Amino acid sequence: MLSREDNELLTRVGPGTAMGSLLRCFWQPFALASELPGADSDPVRVRLLGEDLVAFRDSTGTPGLLAANCPHRGASLFFARNEESGIRCVYHGWKFDTNGTCLDMPNEPTLKRGAPAESDFKHRVKATAYPVEERGGVLWAYLGPRAEVPRPPELEWTHVPASHRYVSKRIQACNYLQNVEGEVDSSHVSFLHSKGTAADSAGIQDLRSTLPDYMARDRAPRFFVLPTAYGMMIGARRDAEEDSYYWRVTQFLMPTYTMIPVPVGAPVSFTAATPMDDQSMMGFTVTWHPDRPLRDDEIGQIESWLGVHTEVDPLTFKPLRNKDNDYLIDRGFQRSGRSYTGIRGIREEDLAVQESMGSVCDRTIEHLGSSDLAVIALRRRLLDAVRALAERGEVPYEAHNDDAYRVRSAALVLPREVAWDKGAADALLATV
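Computed from a predicted model, the values in this text were never measured in an experiment.

Procedures and definitions
- Residues numbered from 1 in each chain as written.
- Predicted model: local features only at pLDDT ≥ 70, side-chain atom pairs only at ≥ 80, totals over all residues.
- Heavy atoms only, no water.
- Helix = DSSP H or I, 4+ residues; strand = E, 2+ residues; numbered from the N terminus.
- Buried < 20%, exposed > 50% of the residue type's maximum accessible area, 1.4 Å probe, protein only.
- Contact = heavy atoms within 4.5 Å.
- Polar contact = N/O pair within 3.5 Å; in protein donor to acceptor, adjacent residues only side chain to side chain.
- Pairing = 2+ DSSP bridges.
- Axes fitted to C-alpha atoms, helices over the stretch in contact; angles between N-to-C directions.
- Parallel < 35°, antiparallel > 145°, perpendicular 65-115°, else oblique.
- Nonpolar A, V, L, I, M, F, W, Y, C, P; charged D, E, K, R; others polar.
- 1 Å grid on protein atoms, 1.4 Å probe; cavity = no way out; pocket = protein on both sides within 12 Å on 5 of 7 lines; lining within 4 Å.
- Points joined across faces, edges and corners; volume = space filled by probe spheres on them.
- Core = buried A, V, L, I, M, F, W, Y, C linked by side-chain atoms within 4.5 Å.
- Salt bridge = Lys/Arg side-chain N within 4 Å of Asp/Glu carboxyl O.
- pLDDT = per-residue confidence, 0-100.

Student: Would you mind showing me how to read the environment of Arg406 here?
Tutor: Note that Arg406 resides in the loop between helix H9 (373–392) and strand S19 (410–415). Take Arg406: its relative accessible area is 27%, and that puts it in the partly exposed class. The contact partners of Arg406, leaving out residues within four places of it in the chain, are Glu154, His159, Leu429, Ala430 and Val432. A polar contact is formed between the side chain of Arg406 and the side chain of Glu154, at a distance of 3.4 Å.

Student: Just to check I follow, could you spell out the sheet that holds strand S6 (residues 86–88) for this structure?
Tutor: By way of backbone hydrogen bonds, the strands of a sheet pair with one another, either parallel or antiparallel. Spatial strand order, S5-S6-S7-S8: four strands in an open sheet with antiparallel pairing. Every other strand in the sheet has two partners, leaving strand S5 (81–83) and strand S8 (102–104) as the edge strands with one partner each. Pairing of strand S7 (residues 95–96) with S8 involves two bridges; the strand directions are antiparallel. Counterpart to Lys95 in the pairing with S8 is Asp104.

Student: I keep staring at the sheet that holds strand S10 (residues 132–135) and nothing clicks. Help me out?
Tutor: Read from one edge to the other, the open sheet built from three strands follows the order S1-S11-S10, with strand pairing classed as antiparallel. The open sheet terminates on both sides in strands that have one partner only, identified here as strand S1 (27–32) and S10. Each strand of the sheet is rotated relative to its neighbour by a mean of 35°, with strand direction disregarded. Looking at chain direction, S1 and strand S11 (residues 138–142) are connected through five bridges and run antiparallel. Across the sheet, residue Trp27 finds its bridge partner in S11, namely Tyr142.

Student: Please clarify how the packing of helix H1 (residues 4–11) against H9 should be interpreted in this entry.
Tutor: When two helices pack together, their arrangement is given by the angle between their axes and by how far apart the axes lie. Two elements in contact, H1 and H9, have axes whose closest approach is 10 Å; the angle formed by their N-to-C orientations is 80°. The orientation of H1 relative to H9 falls into the category roughly perpendicular. In contact with Asp6, Leu9 and Leu10 of H1, H9 contributes Arg379, Leu382, Leu383, Val386 and Arg387. The residue inventory of the contact of H1 with H9, partitioned by class, reads five nonpolar, no polar and three charged.

Student: Can you walk me through empty space enclosed by the protein in this structure?
Tutor: A water-sized probe, rolled over the atoms, reveals where empty space remains. Across all of its chains, the model carries three cavities of 30 Å³ or more by this definition. Empty space within the second largest cavity amounts to approximately 80 Å³. Lining the second largest cavity are 13 residues, and of these Phe26, Arg151, Pro153, Glu398 and Ala399 sit closest to its centre.

Student: I'm lost on the nonpolar core in this one. Help?
Tutor: Generally speaking, soluble globular proteins have nonpolar side chains that are buried together. Membership of the largest hydrophobic core comes to 81 residues, with the highest contact counts inside it found for Met19, Phe30, Leu48, Leu65, Tyr176, Phe270 and Leu382. Of the residues forming this core, the biggest block, nine residues, is contributed by H9. By size, the runner-up hydrophobic cluster in this structure holds 16 residues, among which are Ile87, Trp94, Phe96 and Ala129.

Student: Explanation requested: the pattern of salt bridges in the structure shown.
Tutor: Where charged atoms of side chains with opposite charge meet at close range, the side chains can pair. If you walk through the whole model with that rule in mind, you get 34 salt bridges. The closest approach of N and O atoms between Glu133 and Arg135, which form a salt bridge, is 3.4 Å. For Arg135, a relative accessible area of 18% gives the class buried. Among the ionic pairs, Arg321 bridges to Glu311, the shortest N-O distance being 3.9 Å. Of this pair, Arg321 sits in the loop between helix H6 (296–302) and helix H7 (331–335) while Glu311 sits in the loop between H6 and H7, placing them 10 residues apart in sequence. Three or more residues are tied together by salt bridges with common partners; here these are Glu133, Arg135, Arg151, Glu154, Asp402, Asp403 and Arg406.

Student: In this structure, what is going on with the environment of Asp239? I would like to understand it.
Tutor: Inspection of the secondary structure puts Asp239 in strand S14 (residues 231–239). Asp239 sits 19 residues away from Ala220 along the chain, and the two C-alpha atoms are 9.4 Å apart. Not counting chain neighbours up to four residues away, the residues in contact with Asp239 comprise Tyr214, Asp218, Ser244, Tyr245, Tyr246 and Arg416.

Student: Mind showing me how you'd approach the confidence of the model for the protein here?
Tutor: Keep in mind that low pLDDT regions are not for reading the predicted coordinates in detail. Per-residue confidence for the protein averages 93 on the pLDDT scale, and 94% of its residues sit at or above 70. Within the model, pLDDT remains below 50 along residues 197–211, and this stretch shows 45 contacts once partners closer than five positions in the same chain are excluded.

Student: What is the right way to read unusual backbone geometry from this model?
Tutor: Among all residues except glycine, the phi angle is most often negative; among peptide bonds, the trans geometry is most common. Here the residue pair Met254 and Pro255 is connected by a cis peptide bond, since its omega of 0° sits within 30 degrees of zero. Relative to the helices and strands, Pro255 resides in the loop between strand S15 (244–253) and strand S16 (257–260). A positive phi is found at Glu84, a non-glycine position, where the angle reads about 50°. Taking the relative accessible area as the measure of exposure, Glu84 reaches 60% and is therefore exposed. Although it is not a glycine, Ser85 sits at a positive phi angle of roughly 65°. Assignment of secondary structure puts Ser85 in the loop between S5 and S6.

Here it is as structure tokens:
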């Protein structure tokens, strides 16, 4: 379990909080690039790390992210006119570019000829603006100190052609940590995502799997965790044959990214848990293949919404199967032995258990076991980083080590005498 103080430390992400400060050291994915489809397209509301913001593209297509309220009188820039390389507040016409520079104050008197430039009021007003980059079909923002802005992480999927990847976004009604903890927990897969209640009949619902169902046969994996230059590498070991083990190697990448284990050679999947505030998050899931376009059947599997992507309302990004409708649980399906949960889809099963913990889980009442080793290591890793920054001013190493993020996850069978990290090394190295 965690102490109440440590739980608060990890889960509070707003401005001025210790965890919020840590997260602001990293680039945060906050929108699909398609949400801003072109130059001068409609502004979009964004809630990110406890701040209300507005995203837009200027007339050149450059994306920007400003504080939601105009610095004049506080009207929302969501209602602004997006025109002629700037966003113009409809209240009094003040106009700002993607850097927050005030371009125009049409309701203020113009300067008299010969007056010094510094007396121009508009040069003394600036909207809060954050750097934005577009990578891999996703918009990323940096909300941290400007003295040394790091480069975004060099994730493999951000470098492959658009035809090689599938990107989705969802809004999740809980604290970000509940999602990240679920992603690093390979133990739950043998239960939550299984097709039945008996180990000899429980086929895992991962449509991408080409391996024998070791997760159904051995439902009590042993966990091993190794620190890395980007975060942690987690090995979950299950018995395979008499001379081999089945390993699921999950990647945790600071601060809130994970890569889900898949068979070697199959498309890889990545998830980012971006905190909107303490009680909600945006989940970005990417499935990609480094060497070729995704096939029609692979896209069809994704859009069956049985896997790690979920079907959402295209306007709100709220999952269609959600806590308000109990994820459309089918008790008959659950009792039939064809589903452990009666809930359709891996992501919806994850949502059901993660959101059911409450908006912010009370970790003081937990009873953790050996199967929770990865979760414990994750918490320690984040707590160490939070305290190092808050108490000693140490910026997390990973924030400025962007090249270390060129990794993959993997699921594979290795001889029992082979060390898992060495045996899986080639499969875990990204090449793009």
